[in-house]
Amino acid sequence: MASIVDLVDNSSIQNNPIRKVKEFIDKQNQYKSIGDVEHWRFVGYVLDISYESAQIITNDTYKIAVGGIPRGSFLILVPANFDKVQPHFTLLRVKEICATPLSQQVQQTYFEMHKRSMPELDIWTQADLQWGSLRCDTLGMFYADPNNVNKLAFSGDVNNVVSAHRYEVYAPDEELLNLIVNGTVKNELQEEIGHLRTMECMFGVNRQESGNIPVKISMRDFMGCRTAMFGKTRLGKSNVVKLIAQGMLDATKETKNVGQLIFDINGEYANDSDQDNVSLRSANPERCEVYALTQRPNTPSKQLKLNFYENASSCKDILGTLLSNAGRSAIYVTSFASVVLPTPEEMDEMDMREKIHAIRRIQIYWAILREAGFSADEGKLRTLRFMNTNNVKALDPHFSDEIRKKVYGSSVPDRVPSLEGMVDEFREFMRCYRENNEDQKAAFGKEVFEKDDILLLEFLFPKSGRGPAMLSQFKMYHSEKAGDFVKDIIASLNDGKTVILDLGNANDSIRQYFSDLLSMAVFREQETKFVSNGLGDNYIELYFEEAHNLFPPHAKDNKDVYSRFAKEGAKFHIGMVYSTQSPSTISQELLVQTENFFVGHLASTSETSALTKTQIAFDGVEEDILRAKTPGYMRMLTMSNRFIIPVQAKLYSPKRGE
């Protein structure tokens, strides 16, 4: 009768991965019965157990037979009467060595041995000294899903804890390790990211079962989700980012339902570093587009420039930062940098008088650009809506005839609505102003210019110094044709392409500008789709490096686009992969919302504390994170994994695409 019950029980799980543990225990019982210690994976018994941890007693013979038991390795705990229960096992992670009830006596024996210069041990003493104890964290339980007999289930807790003597502990073999690492990973869109690596030490690794276990991820876990990359520089963060980006390209080869936007601050995703180091773009030329500030010889790219005329408010601030970084500290230069130009949105809210002053202030800024040699499409400038009101037009400040007569005297020239005409007009006004001891009422009969206008005019026509000429070195960032690249990039993302912004030659201000501009454009695009119920299964993934600049820990403005990514990104199908060295330098709000983690070496306990405070799954692996410094050796947590997987990421080394 028992055999019929066993047959029924076995048939119910024959298509479930949990059958692997039954097959494993059956083999272990066979090895035990014939005395095959070489293949026996038995580790020991349980000395003490709770819902959170287990203390196991083991022996040197057992540890050597399984190739060693490093800290952080996985063990399985099963009932001693395994053949009488539904197949399941509790997953343990080795944490530390701990004392046994006989530890004091063992130490006393060692002390006596050393005193006697280590005499040959009798077999009974030798057997006693080989026993030791390990403390393990309980990670959870694997079992057959009650709602789907063919599906493996994992819980972060255990259903019951009985007396310690009712359990046995084993080191899993390759098949079981593969089940532990990959068994809960979503079946769709799987990619291999590396192999299981439970310790940094490579000595005797050939005897470890873990070295042959591939670690897989499902790209579905990254669509519309937030992924963090932490670790010191040069230890493999960028390599893992490339693996994820390539995995997304491979997974969506047919559907093309995920567009990727990579802010490449070092140029490593867009450009080959040498003949053998193939970039993401070179590996996928048909699905990758590069936008670059400066075109590189061997990288096809589209122009990524700023229109310093049309984006006056933000670009004026960028120029101020560039001057400061260049060491320009003269008073009239810092005064120029301090001026804030209004945005088109702010100008829409102004009354007529305020708007006229705002337009003229931007016109003085345009005159500075003209004198610095920045090219312009004057026809396009004339059509800017926010630069036209009443008689004041984009290229005509339209000072009154009375004021112009005071400036020019009896020979008042015709108005010339052009950039050159405005430069000449402002030059004459500034001459008149200075000739009248810089008294506007004496020069013009009334206050024509506000304080900020005068500061700009002082920079345009300095009494000494280079003035606008010092801006000529920044013309490389400008193009009068710039502006449409945002529309083109959004279209490419919607087509499932990967767009790489090569910002390798840009400073922080330029990078920030493009990041803000395109992040806002992506957010608006996805928000529009959401409102119109047009998202479907389409996503956009953003890749940020030096993320602490975008997501600072004490951000005052919780309504900026990056905060909205953290809070609303998933709803709008916007995913992020962000990289930085330290968890403590990132917004707590973003960390709490982050689903996927890849963590390399961290240098201080304050950083591991910040990590575990945010993601409790890292509790227990802090020491390993602090000690291990091998490039590519990461602790991984994804939506499919309920516990940390130690992985040696494979090196991104694709073949060059055609």
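Quick notes on the rules
- Residues numbered from 1 in each chain as written.
- Predicted model: local features only at pLDDT ≥ 70, side-chain atom pairs only at ≥ 80, totals over all residues.
- Heavy atoms only, no water.
- Helix = DSSP H or I, 4+ residues; strand = E, 2+ residues; numbered from the N terminus.
- pLDDT = per-residue confidence, 0-100.
- Contact = heavy atoms within 4.5 Å.
- Pairing = 2+ DSSP bridges.
- Axes fitted to C-alpha atoms, helices over the stretch in contact; angles between N-to-C directions.
- Expected span 1.5 Å × (residues − 1).
- Buried < 20%, exposed > 50% of the residue type's maximum accessible area, 1.4 Å probe, protein only.
- Parallel < 35°, antiparallel > 145°, perpendicular 65-115°, else oblique.
- Left-handed = near helix turned anticlockwise from the far one by under 90°.
- Nonpolar A, V, L, I, M, F, W, Y, C, P; charged D, E, K, R; others polar.
- Phe/Tyr/Trp six-rings, centres within 6.5 Å; stacked < 30°, edge-to-face > 60°.
- 1 Å grid on protein atoms, 1.4 Å probe; cavity = no way out; pocket = protein on both sides within 12 Å on 5 of 7 lines; lining within 4 Å.
- Points joined across faces, edges and corners; volume = space filled by probe spheres on them.
- Salt bridge = Lys/Arg side-chain N within 4 Å of Asp/Glu carboxyl O.

### Quick notes on the environment of L503
Here is step 1: Looking at the secondary structure, you find L503 in the loop between strand 14 (498-502) and helix 19 (508-531).
Here is step 2: Once the C-alpha coordinates of L503 and A292 are considered, the two residues, 211 residues apart in sequence, prove to be 6.6 Å apart.

### Structural notes on the confidence of the model for the protein chain
Here is step 1: The share of residues in the protein chain with pLDDT of 70 or more is 92%, and the mean pLDDT across the chain is 89.
Here is step 2: Note that pLDDT drops below 50 for residues 1-8; the model gives that stretch 0 contacts with residues more than four away or on any other chain.

### Some points on the sheet that holds strand 10 (residues 226-230)
Here is step 1: Ordered in space as 9-8-19-18-17-10-16-15-11-14-12-13, the 12 strands form an open sheet in which the pairing is mixed. Strands with a single pairing partner mark the edges of an open sheet, and in this sheet they are strand 9 (214-218) and strand 13 (302-303).
Here is step 2: Lying over the sheet, helix 20 (residues 561-568) contacts strand 10, strand 15 (539-544) and strand 16 (574-580), oriented at roughly 125° with respect to strand 15.

### Some remarks on helix 15 (residues 419-435)
Here is step 1: Taking 1.5 Å per residue, 17 residues should reach 24 Å; helix 15 reaches 24 Å between its end C-alpha atoms and fits that length.
Here is step 2: Among the residues making up helix 15, those that are buried are L419, G421, M422, V423, E425, F426, F429, M430, C432 and Y433.
Here is step 3: Of the surrounding elements, those touching the buried residues of helix 15 are helix 12 (352-372), helix 13 (378-382), helix 14 (401-408), helix 16 (440-444) and helix 17 (451-460).
Here is step 4: Of the residues flanking the end of helix 15, it is N437, one or two places downstream, whose phi is positive at about 55°.

### Quick look at the side chain of Q246
Here is step 1: Along the chain, Q246 falls in helix 7 (residues 237-251).
Here is step 2: Judged by its relative accessible area of 11%, Q246 is buried.
Here is step 3: Contacts of Q246, omitting those with residues within four sequence positions, involve L280, A283, N284 and Y652.

### Some words on the packing of helix 9 (residues 312-325) against helix 12
Here is step 1: Viewed as axis vectors pointing N to C, helix 9 and helix 12 meet at an angle of 50°, and their least axial separation amounts to 11 Å. It follows that helix 9 is oblique to helix 12 by the angle criterion. Once helix 9 is placed against helix 12, the crossing between them reads as left-handed. Residues A312, C315, K316 and L319 of helix 9 lie in contact with helix 12, whose contacting residues are I362, Y365, W366 and L369.
Here is step 2: Residue classes in the contact of helix 9 with helix 12 are distributed as 7 nonpolar, no polar and 1 charged.

### Comments concerning the packing of aromatic side chains
Here is step 1: For the coordinates displayed, the defined rule picks out 37 aromatic pairs.
Here is step 2: Ring geometry for F530 and F572: centres 5.1 Å apart, planes at 80°, overall edge-to-face. Note that F530 is positioned in helix 19 and F572 in the loop between helix 20 and strand 16, a separation of 42 residues in sequence.
Here is step 3: The exposure class of F530 is partly exposed, given its relative accessible area of 38%.
Here is step 4: The buried category is assigned to F572, whose relative accessible area is 3%.
Here is step 5: An angle of 80° between the planes, with centres 5.5 Å apart, marks the rings of F551 and Y562 as edge-to-face.

### Some details on empty space enclosed by the protein
Here is step 1: Here the structure, examined in full by the defined rule, presents 4 cavities of 30 Å³ or more.
Here is step 2: Estimated volume of the second largest cavity: approximately 70 Å³.
Here is step 3: For the second largest cavity, the full set of lining residues is R71, G72, F74, R93, T198, V621, D624, R635, I644 and P646.
Here is step 4: Considered class by class, the residues forming the lining of the second largest cavity number 4 nonpolar, 2 polar and 4 charged.

### Focus: the pattern of salt bridges
Here is step 1: One pass over the full model with this rule turns up 37 salt bridges.
Here is step 2: With its nearest N and O atoms 3.6 Å apart, the salt bridge here joins K27 to D173. Taken together, the residues K27 in helix 2 (residues 19-34) and D173 in the loop between strand 7 (167-170) and helix 6 (174-182) connect sequence positions 146 residues apart.
Here is step 3: Note that K186 is salt-bridged to D221, the shortest N-O span being 2.4 Å. Highlighted residues: K186 in the loop between helix 6 and strand 8 (190-196) and D221 in the loop between strand 9 and strand 10, separated in sequence by 35 residues.
Here is step 4: Taking relative accessible area as the criterion, D221 reaches 1% and is therefore assigned buried.
Here is step 5: A single network of salt bridges, built from pairs that share partners, joins E527, R564, E568 and K571.

### Side note on helix 9
Because an α-helix packs 3.6 residues into every turn, residues spaced three or four apart end up facing the same way.
Here is step 1: Here helix 9 is 14 residues long and its end C-alpha atoms lie 20 Å apart, about the 20 Å a rise of 1.5 Å per residue gives.
Here is step 2: Of the surrounding secondary structure, the elements contacted by the buried residues of helix 9 are helix 10 (331-338), helix 12, helix 17 and helix 19.
Here is step 3: Downstream of helix 9 by one or two residues, G327 has phi in the positive range, about 80°.

### Description of the environment of F449
Here is step 1: By the element assignment, F449 lies in the loop between helix 16 and helix 17.
Here is step 2: Residues F449 and S314, 135 residues apart in the sequence, show an inter-C-alpha distance of 22 Å.

### Quick word on the pairing of strand 19 (residues 645-649)
Here is step 1: Within strand 19, 5 of the 5 residues are buried, which leaves the element mostly enclosed by the surrounding structure.
Here is step 2: Because side chains alternate across strand 19, one face comprises the buried residues I645, V647 and A649, and the other comprises P646 and Q648, equally buried.
Here is step 3: Here strand 8 runs beside strand 19; their pairing, made up of 3 bridges, is antiparallel. Paired with L196 across the two strands is V647, which belongs to strand 19.
Here is step 4: One ladder, built from 4 bridges, connects strand 18 (residues 633-637) with strand 19; its direction is antiparallel. Considered in strand 19, the bridge of M636 is made with I645.

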